[in-house]
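What follows is each chain in one-letter form.
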Amino acid sequence: MGAKTKIISPYFLKVTVGLLVVSVAVSIGFGMARAQPAEVKIGVIYPLSGPVAHAGQMSKDAVSLCVDYINNKWSQLPIPIGNWEGIPGLNGAKIKLIFADHRGEPDRGADLAKKLILDEKVVGICGCYHSSVTKTVSTVCEKHKIPMINPESTSPVLTKRGYKWFFRATPHDRIFVRDFFEFLELLTRGKVPGVGAVPKSDIDEIGACTENTEWGAGTRDVIKEFAKKYGYKIVSDVTYPHESPDLTAEVRRLLTPKPETLMFASYISDAILLTKTMKELKAKANVFWSQDVGFYQPKYIETFGAATQGILNRTVFSKKLFAVKPVARHINEEFKKRAGVDFMGTSARAFTGMQAWAYVLNKAQSTDPEAIRRAAETIEISGKDLIVPWKGIKFENVGGETNQNTWSSGLIVQYQKQEPEIIYPLDAATAKFIYPWPGLK
Amino acid sequence: MEMLLSTLVSALLMGMLFALVALGLAIIFGVMNIVNFAHGEFLMVGMYTAFLTATIFSIEPLLTLPIAAMVGFLLGIASYYMLVRYLLKGPMIAQLLGTFGLMIFLRYLAMCIFGPDYKTLEHGLLIGKSIMWGPVVLSYPRLGTAVLSMLGFGIIYWMMDYTRLGKALKATALDVEAAGYMGIDTEKMRGLAWGLGGATVGIAGALLINFYYVFPTIGILFCMIAFATVALGGFGSIKGAFIAGLIMGMIIDLGGTYLGPQYKFALIYLTFFLVVVIRPKGLFGW
C-alpha cells in the first residue's frame, strides 16, 4: 500500500500536466470570449410610466437611436459611429439595451439596478433622469463595482460622493445656476443684445420654486449660494411635493412678495400645473428662468403655445445649433422620424450618454468592469462627434468632484415664438433678449 | 388679510372638488360597506372621456359632463355586475384585493390605450381664465367646478332624502335583509350605488380636466385624498363627504400657504390618523 503511494507513474504525471495546461488554456479562451462577446448588454433605467414618462420615453427613443447607429452601418452619418457595425474594439459586438422602468421611485430604481446586474449580467448602467433615482442606482453600481454613465441628472451632490464607478456626462446645476447669475450680471451691465442696462434693483428679488426630491433640493441650495455670492435677495423660497394634486398654495406663497426674478426646478407634470396655476393667478415678474426638464419639453410648448414667450431655460441643446453643428441636424432628422419630436435638452443628453458608453467600451476593448472603468477615466471624446455644443467628454476629478465631465457646458435659451433661441453664452446668441418677461398670455 | 381671504376662497373651491371626488366613494361604501380601491381610476376614466370627447368632436369641455357621467355610470354598473357581486360571496380580503385588481387593470389598460403621456385641454369656456375680485383671484375652472360640485351634491342629497329610489338605496344601506323583505330589489340597488358612484366621479373627472392634466396613473394622487376625506366625513355619509372635502381643501391650502407646502400632506394624513384613532366613524358616519 505504502509502495503504491510513493510511486507516481510518469504517464500519470504527463496526463495531469497536460490536462492542467488544456484547462488553463480553455479558461483563458473562455475568459477572452467573455471579454469580447457577440453582444454587450447595457441596463437602461428610465421613468417609462407615471407623470414623467414622457421624458423617459424620449430618452429611450434617443438611446435606441444611438444604439442603432452603433450596431449598424450608417455611412451618411458624419461621425465615427456611422461607420461602426457594433463596437470595433470588441470585434463588432452589438450593444443590447435592457430597459427598466423606475416610475420615478428611487427604491424601485435600486431594485431594478440589482436585477439588471445580477440577473441580466449587464456590463453597465445608463440613466436614470431623476437625480433621486440616479443616486440610489449609482450606489448599487458602486457596491457591485459596475460602471454607470449618467447622461442627464444634474444634482451637484451626485459627483461629490467620491464614487469610482459613477460617471456624469452632463453639466450640473452649479454650472447652470452660475451661468444664470452671470447672465443677470451681464444684463445689469447692458451687455445682453436687445435690451439696455437693466437696473439691478429691477431683477434682484428672487422667487425660487423647486420640487422636493434630490434634484429640486440640490438646485435650491445652489440658488441660495449664488444669490448670496452675486448680491441677490431671495424673497420667496417655495419647495413643493413632486406630483402634487394642487399647487395653488405654493404659487401664492411664491408670488405674494412680488419677486422680480422667478426661478424654477420642476418636472414636467409639476411644470404644467405650476404654469396653469400661475396663469390663473396672473403671475408677473421681469425674468422667468427654469432648470430645463419640465419647462423645456415638446409637451410643455405644445400645451402652452404662445404663452411660453419670453421664458428662459437652461439647457444643453437647441435646434438653433444646427447652423454650427450639421451633425446635430442630421441626427435630429432621424430622431424626429422615430419619436415624432425634435431633440431637446433631455433627449439630446440621453443620446450623448449612450454615445459615451460606446466610446468607452471601444476603448476598454473588454467587458471586464475594471477595464471599462479605467477606459472611462481616461477617455477623451471630441466635441466634433457630439450633437451637444460641448468641448467634448472628459471625466475628471476636480474641485471635490469625481468623474464629472469637465468638457461639458450649458446654454440659456429663451422661447421666442415657441422656438428656443440661444441667449447665453452671448457669442452663441441667435436672437435678441426679450425683456421684461411678458407674462403667461 | 388679503392673502388669508384669497387662500380661504381657493381652499373652498378646491375643497368642493375633493368633496365631489369623495362622494362616489362614500355612496358605494354607504350602501355596500365595501371600499372601492379603483375609485381613482374611475376618475381617470372620467378625465379621459371628457378629454377625448372634447378633442375628437371639438366641443366645449363642459358639454362633456353628461357623457363622462354616463361612462362613469356604466363603468360602475359593469364593475358591480361583472366583479363585485362575485367578490361579495368571498371573504373580506377578496373584496379588498378584487377592487385593487380592478384598479391595476384599469390603470394599465389606460397605459396600453393612451400611453404614459399626459393630456391637457387648452381651449374651453373656463380654461386658463380668472377674474380679480378685490384682492382675490377667482379661477374660472375652479369656480365652475365648485358650483357644479355643489349642484351635484344637492341633486344626490335630494335624491337620497326625497325620492323613492333614494329611500330604497338608504334602506339597502341600513339593512339589506329587511330592505329585501320590504320588496326592494337590493341587488339592483347595489348596482345602482356603483353606477352613481361612477357617475359622480366621472363628473369630477370631466370638471378636473379643465385645469389639470390626465395620465394613466393620476388616480392615486386624488384617491388618497378621497380616502382621507371619506374617513373624516364618515364612511357612507354624503353630508360628511361634502364637509370633509371642504376641510381637506382648507388643510391643504391654508397649511400649504402658512406652514409651508412641505407640511400639507403630512397635515392631511395626520388628520386621517387622528380621525381613525379618536372617532373611527368620522364626523357624520353611522
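Computed from a prediction, not measured in an experiment: that's the story for all the values here.

> Report on the overall build of chain B, specifying residues and quantitative values.
On a plain count of helices and strands, chain B comes out with 11 helices and two strands. Start at the N end of chain B and walk to the C end: the helices and strands fall as α-α-α-α-β-β-α-α-α-α-α-α-α. The C-alpha radius of gyration computed for chain B amounts to 19 Å, which stays within 12% of the reference 19 Å derived for 286 residues, consistent with globular compactness. On the principal axes, the C-alpha backbone points of chain B span a range of 60 × 45 × 35 Å. Within the span of chain B, comprising 286 residues, buried residues form 54% of the whole.

> Got a sec to walk through the sheet that holds strand β7 (residues 233–240) of chain A? Specific residues and values, please.
Residues and elements named next belong to chain A. Strand order across the open sheet formed by seven strands is β7-β6-β8-β9-β10-β15-β16, with mixed pairing between neighbours. Only two strands of the sheet have a single partner each, and these edge strands are β7 and β16 (419–424). Averaged over neighbouring strand pairs, the angle between their axes works out to 25 degrees when direction is ignored. Here helix α8 (residues 248–255) sits on the sheet and contacts β6 (205–211) and β7; the angle it forms with β7, its principal contact strand, is near 175 degrees.

> Residue-level account of the domain arrangement of chain A, with values.
Residue and element names in this part refer to chain A. You can read the domains of chain A as domain 1 (39–171 + 323–405) and domain 2 (174–322 + 411–428). The straight-line distance from the C-alpha centre of domain 1 to that of domain 2 is 27 Å. With 30 residues of domain 1 at the interface, the matching set in domain 2 holds 26 residues. In terms of residue class, the side of domain 1 that touches domain 2 is built from 16 nonpolar, nine polar and five charged.

> Give a description of the interface of chain B and chain A that names residues and reports values.
Between chain B and chain A, the contact holds 30 residues from the first and 29 residues from the second. Secondary structure elements with two or more residues in the side of chain B that touches chain A: α1 (2–32), β2 (136–139), α9 (219–233), α10 (238–259) and α11 (261–278) of chain B. Top element by residues in the side of chain B that touches chain A is α1 of chain B. It accounts for five residues. Looking at the side of chain B that touches chain A, its residues break down into 15 nonpolar, 11 polar and four charged.

> Tell me about helix α12 (residues 345–364) of chain A, and please be specific about residues and values.
Here α12 of chain A contains 20 residues, and its C-alpha end-to-end distance of 28 Å stays within 8% of the 28 Å for a straight helix at 1.5 Å per residue. Positive phi appears at Gln365 of chain A, one or two residues downstream of α12 of chain A, with a value of about 55 degrees.

> Go over the packing of helix α3 (residues 65–87) of chain B against helix α8 (residues 186–208) of chain B, please, and point to the residues and values.
Any two packed helices are characterised by the angle at which their axes cross and by the distance between the axes. Residue and element names in this part refer to chain B. Their axes nearest at 6 Å, the elements α3 and α8 cross at an angle of 145 degrees. Between α3 and α8 lies a crossing of right-handed hand. Broken down by class, the residue content of the contact of α3 with α8 amounts to 15 nonpolar, nine polar and one charged.

> Give me helix α5 (residues 131–144) of chain A: which residues, what numbers.
Each α-helix winds once per 3.6 residues, and so residues spaced three or four apart point in a common direction. Residues and elements named next belong to chain A. The terminal C-alpha atoms of α5 lie 20 Å apart, and with 14 residues this matches the ideal 20 Å at 1.5 Å per residue to within 8%. Summarising burial for α5: 10 of the 14 residues are buried, a large majority. Every buried residue belonging to α5 is among Ser131, Ser132, Val133, Thr134, Lys135, Thr136, Val137, Ser138, Val140 and Cys141, and all of these are buried. Just downstream of α5 lies Lys145, where phi reads positive at about 55 degrees.

What counts, and where the lines are drawn
Residues numbered from 1 in each chain as written. Chains lettered and ligands numbered in written order. Predicted model: local features only at pLDDT ≥ 70, side-chain atom pairs only at ≥ 80, totals over all residues. Helix = DSSP H or I, 4+ residues; strand = E, 2+ residues; numbered from the N terminus. Rg over C-alpha atoms; globule rule 2.2 N^0.38 Å. Buried ≥ 20, exposed ≤ 12 C-beta atoms within 10 Å, placed from the backbone. Pairing = 2+ DSSP bridges. Axes fitted to C-alpha atoms, helices over the stretch in contact; angles between N-to-C directions. Contact = placed C-beta atoms within 7 Å. Domains from an automatic or database assignment. Nonpolar A, V, L, I, M, F, W, Y, C, P; charged D, E, K, R; others polar. Expected span 1.5 Å × (residues − 1). Left-handed = near helix turned anticlockwise from the far one by under 90°.

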